[in-house]
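Fold and contact review
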Amino acid sequence: MNTWIKQQLEMQKESEFQKFTAGLLPGVEHILGVRLPALRKMAKQLARGDWQTYLKTACDDSYEEIMLQGMVLGYAKGNLLEKEPFLRAFLPKIDNWSVCDSTCCSIKLAKEQPEEFWNFLLEYLHSPREYEVRFVLVQILNYYVNQDYLSRVLQAVDSVDLKRYYVKMAQAWAVSICYRDFPELTLPYLKANRLDDFTHNKALQKITESLKISKEDKAYIRTLKR
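Residues numbered from 1 in each chain as written. Predicted model: local features only at pLDDT ≥ 70, side-chain atom pairs only at ≥ 80, totals over all residues. Heavy atoms only, no water.

Focus: the packing of aromatic side chains
Using the criterion set out here, one finds 10 aromatic pairs in the structure. Plain terms: the ring middles of Trp51 and Phe86 are 5.3 Å apart, the flat faces sit at 65° to each other, and that makes the pair edge-to-face. Pair noted here: Trp51 is in helix H4 (residues 51-57) and Phe86 is in helix H6 (residues 80-90), with a separation of 35 residues, a long-range link. Each of the two residues, Trp51 as well as Phe86, counts as buried. Through a chain of ring-to-ring contacts, the aromatic side chains of Tyr131, Tyr165, Tyr166 and Phe198 assemble into a single cluster. In this arrangement the basic side chain of Lys44 is found over the ring face of Tyr75, its NZ or CZ atom lying 5.3 Å from the centre. (Phe/Tyr/Trp six-rings, centres within 6.5 Å; stacked < 30°, edge-to-face > 60°. Helix = DSSP H or I, 4+ residues; strand = E, 2+ residues; numbered from the N terminus. Buried < 20%, exposed > 50% of the residue type's maximum accessible area, 1.4 Å probe, protein only. Lys NZ or Arg CZ within 6 Å of the ring centre and 35° of its normal.)

Have a look at this one:
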């Protein structure tokens, strides 16, 4: 299986796209330059087969091979109980925002088992690993910004203590989504939160960049800058 994967990746890699991707992911090594649609197609094919055996034996030799594992976890049929050991093994492998965010788009356990998956995510909210925390935050902003979970979302975002760039950016992103969808309920949080100034101001910036926010509201949001 790994031989087939490596052959497929080798056939579909593009040198110019490799350079482009490497520019977006400074410090990430072993990027082949395979586009996401091609990876998604491979992942869906792998997910239809014996995905458990694939994940147990998958290679971590390239950025794309790790990305594939996250996508397969999302596309494979199975509940949280079935996927949990594989997800726990995968999370420490995430070392960049691209794998993190693309994986979050694929893994939709929050839609199927919201409360169970929420409890799983909370176990990683205070991880010392930057991208494990970002994984939690991106899952939250993708799937939990709704009437039932909004207060818990804001509380979770506010409780993060890890001061790493991609964590802060995810916190700001999450707050902006909360305000976009529930402005009246999120405004008190914007006025009183424990985010550091960079993250707070970045959240305000993201809100003011949204096309769904009125000019009047944007003007007020700018007054909250620290």
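Topic: the state of the cysteines
Counted according to the given criterion, the structure contains zero disulfides. In this structure Cys105 is not part of a disulfide, and its nearest cysteine sulfur, from Cys104, lies 7.1 Å away. The closest cysteine sulfur to the non-disulfide-bonded Cys178 is located on Cys104, 15 Å from its own sulfur. Among the residues examined, Cys178 registers a relative accessible area of 0% and is labelled buried. (Disulfide = S-S within 2.5 Å.)

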